[in-house]
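Here is what each chain is made of, one letter per residue.
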Amino acid sequence: MARQLNYHDMHAVFTRFREIEPEPQGELHHVNAYTLLVAVALSAQATDAGVNKATGPLFARVDHPQKMLDLGEEALTEAIRTIGLYRNKARNVMKLSRILVEQYGGEVPSSRAALQSLPGVGRKTANVVLNMWFRQPAQAVDTHIFRIGNRTGIAPGRDVDVVERAIEDNVPAEFQLHAHHWLILHGRYICTARKPRCAVCPIFEWCQYEEKTQ
DNA sequence: ATCCCGAGGG
DNA sequence: CCCTCTGGAT
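Residues numbered from 1 in each chain as written. Chains lettered and ligands numbered in written order. Predicted model: local features only at pLDDT ≥ 70, side-chain atom pairs only at ≥ 80, totals over all residues. Heavy atoms only, no water.

Enquirer: How do you make sense of the protein's contact with DNA strand B when you look at a structure like this?
Expert: The environment of DNA strand B is formed by Gln45, Lys53, Arg81, Thr82, Ile83, Gly84, Leu85, Tyr86, Arg87, Asn88 and Arg194. Here DNA strand B approaches the protein such that, of its atoms within 4 Å, sugar and phosphate make up 56%. At 2.7 Å, a side-chain N or O of lysine 53 approaches a phosphate oxygen of DNA strand B. Here a base nitrogen of DNA strand B and a side-chain polar atom of arginine 194 are 2.7 Å apart. Sorting elements by how many residues they give to the surface near DNA strand B places helix α6 (residues 86-103) first, with 3 residues. (Near = heavy atom within 4 Å. Polar contact = N/O pair within 3.5 Å; in protein donor to acceptor, adjacent residues only side chain to side chain. Helix = DSSP H or I, 4+ residues; strand = E, 2+ residues; numbered from the N terminus.)

Below you can see the structure in the form of structure tokens.
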């Protein structure tokens, strides 16, 4: 496993990310806090492109938890069938929508505890909503960030909560808010799981990945 | 540790 | 064919 990069190298790495993309954006389609929450919940073990394909038509009509209740679980299941794990996801989104209507006035709560108490919403999903909607420096650790953290030395750790803490503790404060999307986009397009594109990697000189090419 | 699960890429 | 994709609940 890679060693944690020191402060100097961490600063250099994120400075490079910022030079390439000053305002990194997520790629999950959404129109408000509710649709963001649903989109992120649907994105488990699925690609953003795959989720967007299903949520485009869905969110055009359903952009509020009450409308989701009106739509019904059968129709939702059909609408998201092309996404993986669709039965569990449809069931969870229906339950979650009911809770939002009955307990939160149809709004998406802004506390981690409230978010994580929703069915189908774990720590990662809660962190993404906290980061993207409520603009908190929450560090969601997904498959990309776990892989990259360990390959590069940006945030090494055997499990996700160790990686999450490594990011909180070692990413310089000025980069905390955008760290999530910089790392996601790097993982999606450069440091891919299968054949990482080391030849075009902007942080190659700091990377500790033992199997890196070039 | 296992299950859920379709789409896309190699 | 096999692997991967912004995980969560049991």
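Enquirer: Honestly, the pattern of salt bridges in this entry has me stumped. Any pointers?
Expert: Should their charged atoms come close, side chains of opposite charge can pair. Within this structure, the stated rule accounts for 9 salt bridges. With a closest N to O distance of 3.0 Å, arginine 188 and aspartate 48 form a salt bridge. With arginine 188 in helix α11 (residues 176-189) and aspartate 48 in helix α3 (residues 48-61), this pair connects stretches of sequence that are 140 residues apart. A salt bridge links arginine 81 to glutamate 78; the nearest nitrogen and oxygen atoms lie 3.3 Å apart. Under the relative-accessibility criterion, glutamate 78 is labelled partly exposed at 48%. The network of salt bridges with common partners includes Arg16, Glu19 and Glu205. (Salt bridge = Lys/Arg side-chain N within 4 Å of Asp/Glu carboxyl O. Buried < 20%, exposed > 50% of the residue type's maximum accessible area, 1.4 Å probe, protein only.)

Enquirer: Even after reading the chapter, I still don't get the packing of helix α9 (residues 143-152) against helix α10 (residues 160-170), so can you show me in this structure?
Expert: The angle between the axes and the distance between the axes are what describe a pair of packed helices. Orientation of α9 relative to α10, taken along the N-to-C sense of each, is 70 degrees, at an axis distance of 10 Å. The angle between the axes of α9 and α10 places the two elements in the roughly perpendicular class. Two packed elements cross with a definite hand, and for α9 against α10 that hand is left-handed. Contacts between α9 and α10 pair Ile145, Phe146 and Asn150 from the former with Val160, Val163 and Ile167 from the latter. Of the residues in the contact of α9 with α10, the class split is 5 nonpolar, 1 polar and no charged. (Axes fitted to C-alpha atoms, helices over the stretch in contact; angles between N-to-C directions. Parallel < 35°, antiparallel > 145°, perpendicular 65-115°, else oblique. Left-handed = near helix turned anticlockwise from the far one by under 90°. Contact = heavy atoms within 4.5 Å. Nonpolar A, V, L, I, M, F, W, Y, C, P; charged D, E, K, R; others polar.)

Enquirer: Explanation requested: the protein's contact with DNA strand C in the structure shown.
Expert: The full set close to DNA strand C counts 28 residues, and Asp48, Lys124, Thr125, His144 and Arg147 are the nearest of them. Expressed as a percentage, the sugar and phosphate content of the atoms of DNA strand C within 4 Å of the protein is 64%. The separation between a phosphate oxygen of DNA strand C and a polar side-chain atom of threonine 125 is 2.7 Å. Between arginine 147 and DNA strand C, the recorded distance is 2.7 Å, taken from a side-chain N or O atom to a phosphate oxygen. Those elements giving two or more residues to the surface near DNA strand C turn out to be α8 (123-132), α9 and α11.

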